[in-house]
There are 2 protein chains.
Amino acid sequence: MNSFVLKGDICYSIDKDTLCTIENGYCVCVDTVSKGVFTTLPKEYSTLPLYDYSGKLIIPGLVDLHIHAPQFAFRGLNMDSELLSWLNENAFPEEAKFADLSYAKKAYTIFAEALKNSVTTRACIFATLHKEATLLLMELMEKSGLISFVGKVNMDRNSPDILIEESAEKSAKDTESWVLSAIGKFDNTFPIITPRFIPSCTDELMEKLGKLAKKHKLSAQSHLSENKDEIKWVAELCPDAKSYGDAYDKFGLFGKDTKTIMAHCVYSGDDEVEHMKENGVFIAHCPASNTNLTSGIAPVRAYLDKGLKVGIGSDVAGGHTESLFRAISDTIQVSKLYHRLVDNTAKPVTFSEAFFLSSKGGGEFFGKVGSFEDDYEFDAVVIDDSVLPHPQELSVKERLERSVYLNADLLGITAKFVRGKKII
Amino acid sequence: MNSFVLKGDICYSIDKDTLCTIENGYCVCVDTVSKGVFTTLPKEYSTLPLYDYSGKLIIPGLVDLHIHAPQFAFRGLNMDSELLSWLNENAFPEEAKFADLSYAKKAYTIFAEALKNSVTTRACIFATLHKEATLLLMELMEKSGLISFVGKVNMDRNSPDILIEESAEKSAKDTESWVLSAIGKFDNTFPIITPRFIPSCTDELMEKLGKLAKKHKLSAQSHLSENKDEIKWVAELCPDAKSYGDAYDKFGLFGKDTKTIMAHCVYSGDDEVEHMKENGVFIAHCPASNTNLTSGIAPVRAYLDKGLKVGIGSDVAGGHTESLFRAISDTIQVSKLYHRLVDNTAKPVTFSEAFFLSSKGGGEFFGKVGSFEDDYEFDAVVIDDSVLPHPQELSVKERLERSVYLNADLLGITAKFVRGKKII
């Protein structure tokens, strides 16, 4: 059941500069794992069941390194404000509603269904500080068939009364009890330590979270250097930290033993960048969010040149859409504006690079994920791009680029496989 | 037949700061003209046929001030290059194909059909230099039911052999013969003088085109100050002109007696801006194109503050999509990056302002167009936003903003009226 062949027009990245496309090719999944891509089907796989998607595009499932599930309800709403006021006016009041499990069920059902129907097969998700609602989200994500890390958010300071934990101790205790109920409960859904960001978490809480991550061998995710006001605030809150990133590192929540994703990194200084590289921190680049919240443009070209680990995040609802096709074109577009307006030595991100970031780049957080190369976990999405008629001949690569820019994913996807299991 | 009532959730701009929304309201069309919007249907209109779009959004048809029909085939393709190389490698070779009428028919049919199914009701369109293919495009646009200006493009220098007119004289002669076959032939489709841009047209040709515009009382459209290399080139080509814009004005193709649209205006200097204001030139702001071709960001805030005439252009295929919903959110997004990265005194464009630009702002080029106010020509589009489920209550304005950001238009529109005629 987890071994089969897909036939169609296949696209996948080997590295950031190498986007392979094979017209009328075969990709083979044996026991949930890719055996590679072939122009002619090798004899040894000829008895496997074959899904014939001739004329359609087959791509690896894409990876969303940063998305807020409770914010999905207000994506594309009230976008005329900046980060800190946007958090207070939009994000916090909406997240507070998730104390109510029946609201959470309604909202998270819509979220999980949308993600299931998107080009995303793997995601790193922020929930809220509510442990019951977070478990519920994990159940819904498990049901969706996607593979995800889900984090109960921690926040014990600088937060509104409607959305704050009463103490560091209570926050850590709730987190451990949630971790214990979540660990091992699901096949595809895993807990991840999720301090909202430094301004929301006391040192005491951060210390406890660092220990929890270590104790239960958990990964971590948070926000980093998104907005200049925020960075200034962190510097005031953590006078001893050498950088915003260092404030996480002090508590063991910045890579090294704790695999960590940091979203944004728009204004990371040289030290912080070097620190991320040393520690193997994953950067979740969130171009739509950084634009919508007037944060700026992250210097992705520099991160790529320096060999940092980078993936893409939709960052709903700072980002207004879960579509990673849109996130790919956003990545390219903002890099062009960065080149033109900020640093003309930073070459724009190419289509091949951005596609890599959305698949194999972010996929690395999950292991061997995001490609059809031999031995990669088999995630695939099939797109019917015949919905976009054209008068001329197009290559497979051109069809992929066009499908991405024109958001063919919004018109529905044809099929979806996650670790060898067909979920659509 | 051209008098009716629409019932639904109505949104329209009165001015850039005033976006009116009426839940469960009525807009009335009498003899192709709007009679205003009402919360209760006035008795005098109660006998008119009523289209019940309860629960759906009703907006004025949107206006695309700048789009290249022959480039539609390669929208979203080969986007990894800048303006001048992009023209040579992509635009010119594709446009050259329109010498072949059977190719033109195939391509333009796809274009007209897509525009018909979009939120656009009015458009200012560049064709190619081929007069037969341009007439064919006009026939297809007329059939679509939309209202448009269509221009046979002029180019007699600095163009590749496959796409150049043999002389100024021949270009002008072909243009006049095309104008004569097009004037008065259609109800909704009108010729417009369309020099590609200064680099493509000799002074001799520009002079003839200026005279043609005057003689036949035609409007004009072209490109202005899109890219720094282009501006430098124009300064070399036209040493006597005070600015790029002045190079058009010398030939009477820059507003005043000849109503003129200039696309882009990314790098217009103070003189040029003042010149546009004095002459009443319409600026077609094309944010996606200016991003995709790494041109930069036009200072739309300054244009609004100075009271210039501004509308929005999709600029397919520098812009990758014909969707004006996307162009609205692009307008907001790039203005935020302009504020953050270029000039922090230039406030970002608000949703209300961007919606105004896409409707009433550009609509002014067509007359009283782009609003449901009393006496406006009645163009309307109905959007079913129930395709975007949400757990919370939303106001009509929120539903509109969300539909725009999430490109609900790509999922299909429910109905469309152009100057009082139902075309979908």
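Note that the coordinates shown come from a computational prediction; the quantities given were computed from them, not determined experimentally.

Reading the values: the criteria
- Residues numbered from 1 in each chain as written.
- Chains lettered and ligands numbered in written order.
- Predicted model: local features only at pLDDT ≥ 70, side-chain atom pairs only at ≥ 80, totals over all residues.
- Heavy atoms only, no water.
- Helix = DSSP H or I, 4+ residues; strand = E, 2+ residues; numbered from the N terminus.
- Rg over C-alpha atoms; globule rule 2.2 N^0.38 Å.
- Buried < 20%, exposed > 50% of the residue type's maximum accessible area, 1.4 Å probe, protein only.
- Contact = heavy atoms within 4.5 Å.
- Areas by Shrake-Rupley, 256 points an atom, 1.4 Å probe, with all protein chains shown as cover.
- Lys, Arg positive; Asp, Glu negative; His and termini not counted.
- Charge placed at Lys NZ, Arg CZ, Asp CG, Glu CD.
- Pairing = 2+ DSSP bridges.
- Axes fitted to C-alpha atoms, helices over the stretch in contact; angles between N-to-C directions.
- Domains from an automatic or database assignment.
- Buried area = accessible area lost by both parts, 1.4 Å probe.
- Salt bridge = Lys/Arg side-chain N within 4 Å of Asp/Glu carboxyl O.
- Parallel < 35°, antiparallel > 145°, perpendicular 65-115°, else oblique.
- Left-handed = near helix turned anticlockwise from the far one by under 90°.
- Nonpolar A, V, L, I, M, F, W, Y, C, P; charged D, E, K, R; others polar.
- Polar contact = N/O pair within 3.5 Å; in protein donor to acceptor, adjacent residues only side chain to side chain.
- Phe/Tyr/Trp six-rings, centres within 6.5 Å; stacked < 30°, edge-to-face > 60°.
- Core = buried A, V, L, I, M, F, W, Y, C linked by side-chain atoms within 4.5 Å.

### Focus on the overall build of chain A
Then step 1. Of regular secondary structure, chain A possesses 13 helices and 17 strands.
Then step 2. Computed over its C-alpha atoms, the radius of gyration of chain A comes to 21 Å, within 12% of the 22 Å expected for a compact globule of 424 residues.
Then step 3. Each principal axis of the C-alpha distribution contributes one length, and for chain A these read about 60 × 50 × 40 Å.
Then step 4. Within chain A, the fraction of its 424 residues that count as buried is 67%.
Then step 5. A separation of at least 24 residues holds for 75% of the contacts in chain A among residues at least 6 apart in sequence.
Then step 6. By element, 49% of the accessible surface of chain A is carried by carbon and sulfur atoms, the whole surface being about 14300 Å².
Then step 7. Distance between charge centroids for chain A: 4 Å, based on 47 positive and 60 negative side chains.

### As for the sheet that holds strand 17 (residues 421–422) of chain B
All names here are of chain B.
Then step 1. Ordered by their spatial adjacency, seven strands build an open sheet running 3-2-1-4-15-16-17, and the pairing between neighbours is mixed. A single partner strand is all that each edge strand has here, and the edge strands are strand 3 (33–38) and strand 17.
Then step 2. Where strand 16 (residues 415–418) and strand 17 come together, two bridges link them in antiparallel fashion. In the sheet register, Val418 faces strand 17, and the bridge partner there is Lys421.
Then step 3. In the packing of helix 13 (residues 396–405) onto the sheet, contacts are made with strand 1 (4–15), strand 2 (18–30) and strand 4 (50–60), and the angle to strand 4 comes to roughly 65 degrees.

### Examining the domain arrangement of chain A
All names here are of chain A.
Then step 1. In terms of domain boundaries, chain A breaks down into domain 1 (4–61 + 372–422) and domain 2 (62–366).
Then step 2. Taken together, the two surfaces of domain 1 and domain 2 that pack against each other cover about 2500 Å², and 61% of this comes from carbon and sulfur.
Then step 3. Looking only at domain 1, the three residues that lose the most surface to domain 2 are Lys16, Val404 and Tyr405, adding up to 25% of its buried area.
Then step 4. At the junction of domain 1 with domain 2, the criterion picks out four salt bridges.

### Details of the packing of helix 3 (residues 131–144) of chain B against helix 4 (residues 168–182) of chain B
All names here are of chain B.
Then step 1. At a minimum axis distance of 10 Å, the contact between helix 3 and helix 4 shows a crossing angle of 25 degrees. Relative to helix 4, the element helix 3 is oriented roughly parallel. The chirality of how helix 3 crosses helix 4 is right-handed. For the pair helix 3 and helix 4, the contacting residues are Lys131, Thr134, Leu135 and Met138 in the first and Asp174, Ser177, Trp178, Ser181 and Ala182 in the second.
Then step 2. Looking at the contact of helix 3 with helix 4 residue by residue, the class counts come to four nonpolar, three polar and two charged.

### Regarding the interface of chain A and chain B
Then step 1. Chain A puts 53 residues into the contact, and the matching count from chain B is 53 residues.
Then step 2. Of the roughly 4500 Å² buried between chain A and chain B on both sides combined, carbon and sulfur atoms contribute 57%.
Then step 3. Area buried by chain A at its contact with chain B is led by Lys336(A), Arg340(A) and Pro391(A), which between them contribute 14% of it.
Then step 4. At the boundary of chain A with chain B, the tally comes to two salt bridges.
Then step 5. Here chain A and chain B share 25 residue pairs in polar contact (both at pLDDT 80 or more) between them.

### Remarks on the packing of aromatic side chains
By convention here, two paired aromatic rings are described through the distance between centres and the angle between planes.
Residues and elements named next belong to chain B.
Then step 1. The tally for this structure, following the rule as stated, stands at 43 aromatic pairs over all chains.
Then step 2. For the ring pair Phe197 and Trp233, a centre distance of 6.5 Å and an interplane angle of 85 degrees mean the geometry is edge-to-face. Residue Phe197 is found in the loop between strand 10 (194–195) and helix 5 (203–215), and its partner Trp233 is found in helix 6 (residues 228–237); the two are separated by 36 residues along the sequence.
Then step 3. On the basis of relative accessibility, which here comes to 25%, the residue Trp233 falls in the partly exposed class.

### Comments concerning the environment of Tyr338(A)
All names here are of chain A.
Then step 1. Relative to the helices and strands, Tyr338 is located in helix 11 (residues 324–341).
Then step 2. Considered as a pair, Tyr338 and Arg301 are 37 residues apart in the sequence and their alpha carbons are 9.6 Å apart.
Then step 3. When residues no more than four places from it in sequence are discounted, the contact partners of Tyr338 are Ile297, Pro299, Asp343 and Ala346.

### Digging into the pattern of salt bridges
Residues and elements named next belong to chain B.
Then step 1. Within this structure, the stated rule accounts for 50 salt bridges over all chains.
Then step 2. A salt bridge links Arg419 to Glu377; its shortest N-O distance comes to 3.2 Å. In this pair, Arg419 is assigned in the loop between strand 16 and strand 17 and Glu377 in the loop between helix 12 (351–363) and strand 15 (380–383), connecting sequence segments 42 residues apart.

### Let's talk about the nonpolar core
Then step 1. By size, the foremost hydrophobic cluster in this structure holds 256 residues, and its most contacted members are Ile125(A) and Ile125(B).
Then step 2. Excluding its chain neighbours within four sequence positions, the residues that come into contact with Ile125(A) are Ile67(A), Ala69(A), Phe111(A), Leu115(A), Leu137(A), Met141(A), Ser148(A), Phe149(A), Val150(A), Gly151(A) and Gln221(A).

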